[in-house]
Amino acid sequence: MLSTSKVAVESTGSGLAVKASCRDFEITFDEPCEMGGTNEGMNPVEGVLCSFAACQTIATLIFAGAQGVPLEGVRIEAEGDLDPDGFMGINPDARNGLQEVRFTVHLKCADEEAAKKLADLAEKQCPVSDCLANPVPVVRTSLVIE
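Remarks on the overall build of the protein chain
(1) Moving on: In terms of regular secondary structure, the protein chain is built from 4 helices and 5 strands.
(2) Moving on: Moving toward the C terminus, one meets the helices and strands of the protein chain in the order β-β-β-α-β-α-β-α-α.
(3) Moving on: Along the longest, intermediate and shortest principal axes, the C-alpha atoms of the protein chain span 55 × 35 × 30 Å.
(4) Moving on: The buried share of the protein chain, reckoned over its 146 residues, is 22%.

Some points on the pattern of salt bridges
Proximity of charged atoms lets side chains of opposite charge pair with each other.
(1) Moving on: Applying the stated criterion to the full structure yields 5 salt bridges.
(2) Moving on: As a salt-bridge pair, glutamate 100 and arginine 102 come within 2.8 Å of each other at their nearest N and O atoms.
(3) Moving on: Under the relative-accessibility criterion, glutamate 100 is labelled partly exposed at 43%.
(4) Moving on: Salt bridges sharing common partners tie together Glu79, Asp81, Glu100 and Arg102.

Section: the sheet that holds strand 1 (residues 8–11)
(1) Moving on: One open sheet accounts for 3 strands, arranged 1-2-3; its pairing is antiparallel. What marks the edges here is a single partner per strand, and that holds for strand 1 and strand 3 (25–29). Taking the axes of each pair of neighbouring strands and ignoring which way they run, one obtains an average angle of 25° across the sheet.
(2) Moving on: Pairing between strand 1 and strand 2 (residues 18–22): 4 bridges, direction antiparallel. Within the sheet, the bridge partner assigned to alanine 8 lies in strand 2 and is serine 21.

A look at the environment of valine 45
(1) Moving on: Here valine 45 shows up in helix 1 (residues 44–67).
(2) Moving on: Along the chain, valine 45 and threonine 104 lie 59 residues apart, while their C-alpha atoms are 18 Å from each other.
(3) Moving on: Once residues lying within four places of it in the same chain are set aside, the contact partners of valine 45 are Leu82 and Leu98.

Observations concerning the environment of threonine 38
(1) Moving on: Relative to the elements of secondary structure, threonine 38 occurs in the loop between strand 3 and helix 1.
(2) Moving on: Each residue touching threonine 38, except ones within four places of it in the same chain, is listed here: Ser14, Gly15, Ala17, Asp30, Glu31 and Cys33.
(3) Moving on: A polar contact of 2.5 Å, which involves the side chain of threonine 38, links it to the side chain of aspartate 30.
(4) Moving on: A polar atom in the side chain of threonine 38 sits 3.0 Å from the side chain of glutamate 40.

Calculation criteria
Residues numbered from 1 in each chain as written. Predicted model: local features only at pLDDT ≥ 70, side-chain atom pairs only at ≥ 80, totals over all residues. Heavy atoms only, no water. Helix = DSSP H or I, 4+ residues; strand = E, 2+ residues; numbered from the N terminus. Buried < 20%, exposed > 50% of the residue type's maximum accessible area, 1.4 Å probe, protein only. Salt bridge = Lys/Arg side-chain N within 4 Å of Asp/Glu carboxyl O. Pairing = 2+ DSSP bridges. Axes fitted to C-alpha atoms, helices over the stretch in contact; angles between N-to-C directions. Contact = heavy atoms within 4.5 Å. Polar contact = N/O pair within 3.5 Å; in protein donor to acceptor, adjacent residues only side chain to side chain.

Without other data, these values stay purely geometric and don't point to any function.
Below is the structure:
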């Protein structure tokens, strides 16, 4: 059975800053000043990296609990490379999005073998990782001119 997530994002009127909302939560996204923003929040690509790392962390915690792995803590560090010339249309050969995502898993766990298996399982099952690794159809369902 599918679970549908719904979000809304709206400009704030302050430069490039936008408010993203989902359920009862809000996040401000923006661009750094040197990119024309007001630096009120992380940019959307940084948000993708945060979502990826958060999903890896949460998946690790879920599977540790389900499998009884004695996990004391999890930290994921992620980074990715973006060529702004692709997004800006300056270089038609450059990809618009992230070129690669790299991450490091830090697990505080006394059982090294269980920790390795846990990290592999979380990496394999992480929904955000799946979205990044495999093409997801993106469909504009309508355009409303107000």
